[in-house]
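Chain residues, written in single-letter form:
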Amino acid sequence: MTRPAVLVARAVFGDIVDRLRVHFDVEDNPEDRIFSKAELAAKLAGKAGAFITGSERIDAEVLDANPQLRAVCNMAVGYNNIDVDACNARGVLATNTPDVLTETTADFGFALMMAAARRLAESEHFLRRGEWTKWSYDMFIGSDVHGATLGILGMGRIGQAIARRGALGFGMKVVYHNRSRLAPELEAPLGARYVGKEQLMREADHLVIVVPYSAASHHAVGSAEMALMKPSATLTNVARGGVVDDAALAAALRERRIAAAALDVFEGEPKVHPDLLTVPNVVLTPHIASATVATRRAMAGLAVDNLIAALTGGTPPTPINPQVLAR
Ligand code: DGY
């Protein structure tokens, strides 16, 4: 009997890819080449499933070129790279990797927020440039994190994990805005207060953005929102590029309309808006919020579990469009 063929579109832990070889003929990409859309569509020829990351876009065109495709399994919790409606229309299962990265991503979001508040990157660059000649009372003076007001835009799993760190570890007051309000039993232990988006911008000393990207959240934080923020406030984005208007942010930072920012995700990444590269008061990291060995292994393992289950008649643990399974 011929075995189903699958594509592993990016380099990933060899021992985890080997789990796929037990069931499938695997075409992998150990050189980690980034496929153009046409290359991806061509590589998917004859494949029943694909292991992908947030860098591979699965849309109607790619699906129509590969009507045999039955499952696309993302090694990421965010899935704005997958056109889920197009998958639904063609009966293709899509899966993601929720939960396994929540705490690690929250750790990193908190670290970035602290780095912005305490001017970590800016002061380190100054020291490395050999410019440190004396102690002075206001050198790289920043703002406190403990006891400050933490504003969270997007109070899903990661938002709540960041709120827990702030409220329970740092005595922060938590305000948040989300599509829907949390249940009282989730709000109460965090002392979290649900507010409108404008109020969130006004009240936050440290704003952390954790809202998924969609057409509705495109530029959810732009110049109008930044204009409401305190001049002493910081802004951290660990969600997706495009949720923040990066050009507007660079201008706000340069003109000190807000104090500092920290970004792990960018519009059009891996390109970074050139203006962000020239403003000093922003910490920039290359989309690594979930990058610990344990978490990246768990994400890859979950994507593989999903792919194996989807193509062997099992129950994929974390489907995005489970209705496809019922067909
Ligand atoms: C995710 O899981 O969505 C992270 O951004 C890693 O891509």
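Residues numbered from 1 in each chain as written. Predicted model: local features only at pLDDT ≥ 70, side-chain atom pairs only at ≥ 80, totals over all residues. Heavy atoms only, no water.

Chemist: Give me the lowdown on the overall build of the protein, citing residues and values where you can.
Modeler: Counting its regular elements, the protein contains 13 helices and twelve strands. Its C-alpha atoms give the protein a radius of gyration of 21 Å, within 12% of the compact-globule value 20 Å for 327 residues. Relative to its full complement of 327 residues, the protein shows a buried share of 51%. Within the protein, contacts between residues separated by at least 24 positions form 61% of all contacts whose residues are at least 6 apart in sequence. Put simply, the protein shows about 15100 Å² of open surface, and 56% of that area lies on carbon and sulfur atoms. When the 34 positive and 36 negative side-chain charges of the protein are each reduced to one mean point, those points stand 2 Å apart. (Helix = DSSP H or I, 4+ residues; strand = E, 2+ residues; numbered from the N terminus. Rg over C-alpha atoms; globule rule 2.2 N^0.38 Å. Buried < 20%, exposed > 50% of the residue type's maximum accessible area, 1.4 Å probe, protein only. Contact = heavy atoms within 4.5 Å. Areas by Shrake-Rupley, 256 points an atom, 1.4 Å probe, with all protein chains shown as cover. Lys, Arg positive; Asp, Glu negative; His and termini not counted. Charge placed at Lys NZ, Arg CZ, Asp CG, Glu CD.)

Chemist: Outline the site of the ligand, supporting the account with residue identities and numerical values.
Modeler: The immediate surroundings of the ligand are formed by Ala76, Val77, Gly78, Leu101, Arg240, His287, Ser290 and Met299. Take His287: an N or O atom from its side chain is 2.6 Å from an oxygen atom of the ligand. When the ligand sits alone it has 230 Å² of accessible area, and the protein chains cover 83% of it. Residue classes in the shell around the ligand are distributed as four nonpolar, three polar and one charged. (Near = heavy atom within 4 Å. Polar contact = N/O pair within 3.5 Å; in protein donor to acceptor, adjacent residues only side chain to side chain. Nonpolar A, V, L, I, M, F, W, Y, C, P; charged D, E, K, R; others polar.)

Chemist: For the domain arrangement of the protein, give the residues involved together with the corresponding values.
Modeler: If you check the domain split of the protein, you get domain 1 (5-98 + 293-326) and domain 2 (102-284). Counting from both sides, the interface comprises six residues of domain 1 and, opposite them, four residues of domain 2. For the pair domain 1 and domain 2, the summed buried area comes to about 430 Å², and 49% of that belongs to carbon and sulfur atoms. When residues of domain 1 are sorted by the area they lose upon contact with domain 2, Asn80, Pro98 and Thr295 head the list and together hold 74% of the total. The tally of links from domain 1 across to domain 2 stands at zero salt bridges. Viewed at the interface, domain 2 and domain 1 are joined by two residue pairs in polar contact (both at pLDDT 80 or more). Its residues assigned to classes, the side of domain 1 that touches domain 2 comprises three nonpolar, three polar and no charged. (Domains from an automatic or database assignment. Buried area = accessible area lost by both parts, 1.4 Å probe. Salt bridge = Lys/Arg side-chain N within 4 Å of Asp/Glu carboxyl O.)

Chemist: A description of the state of the cysteines should follow, citing residues and the corresponding values.
Modeler: Throughout the structure, instances matching the rule amount to zero disulfides. The thiol sulfur of Cys73 is not disulfide-bonded, and the nearest other cysteine sulfur, from Cys87, lies at 10 Å. Accessibility expressed as a relative area gives 0% for Cys73, which makes it buried. (Disulfide = S-S within 2.5 Å.)

Chemist: Go over the side chain of Asn237, please, and point to the residues and values.
Modeler: Summarising the element assignment, Asn237 is placed in strand β10 (residues 234-237). In contact with Asn237, not counting residues within four places along its chain, are Ile209, Val244, Ala262, Leu263, Asp264 and Val265.

Chemist: I'd love a proper account of the pattern of salt bridges, names of residues and values included.
Modeler: Taken as a whole, this structure holds 26 salt bridges when the rule is applied. In this structure, the salt-bridge partner of Asp305 is Arg19, at a minimum N-O distance of 2.4 Å. Pair noted here: Asp305 is in helix α13 (residues 293-311) and Arg19 is in helix α1 (residues 14-21), with a separation of 286 residues, a long-range link. For the salt bridge of Glu27 with Lys47, the shortest nitrogen-to-oxygen distance reads 2.9 Å. Taken as a pair, Glu27 in strand β2 (residues 25-27) and Lys47 in the loop between α2 (37-43) and β3 (49-52) lie far apart in primary sequence, 20 residues in all. Salt bridges sharing partners connect three or more residues here, namely Glu103, Asp107, Arg164 and Arg165.

Chemist: I'd like to hear about the sheet that holds strand β7 (residues 173-177), residue by residue, with values.
Modeler: Ordered by their spatial adjacency, seven strands build an open sheet running β8-β7-β6-β9-β10-β11-β12, and the pairing between neighbours is parallel. Unpaired on one side and paired on the other, β8 (193-194) and β12 (282-284) mark the two borders of the sheet. Relative to β8, β7 runs parallel, the two sharing two bridges. Each bridged residue has a counterpart across the sheet, and for Val175 the counterpart in β8 is Arg193. Of the strands in this sheet, β6 (149-153), β9 (206-209), β10, β11 (260-263) and β12 are in contact with helix α5 (residues 102-117), which crosses β10 at around 150°. Seen against the sheet, helix α11 (residues 246-254) touches β10, β11 and β12 and runs at an angle of roughly 145° to β11. (Pairing = 2+ DSSP bridges. Axes fitted to C-alpha atoms, helices over the stretch in contact; angles between N-to-C directions.)

Chemist: Which residues make up the sheet that holds β3, and what are the values?
Modeler: As summarised here, the arrangement of the five strands in space is β2-β1-β3-β4-β5, forming an open sheet in which the pairing is parallel. Single-partner strands in this sheet number two, and they are β2 and β5 (93-95). Strand-to-strand twist in this sheet, taken as the mean axis angle between neighbours without regard to direction, amounts to 15°.

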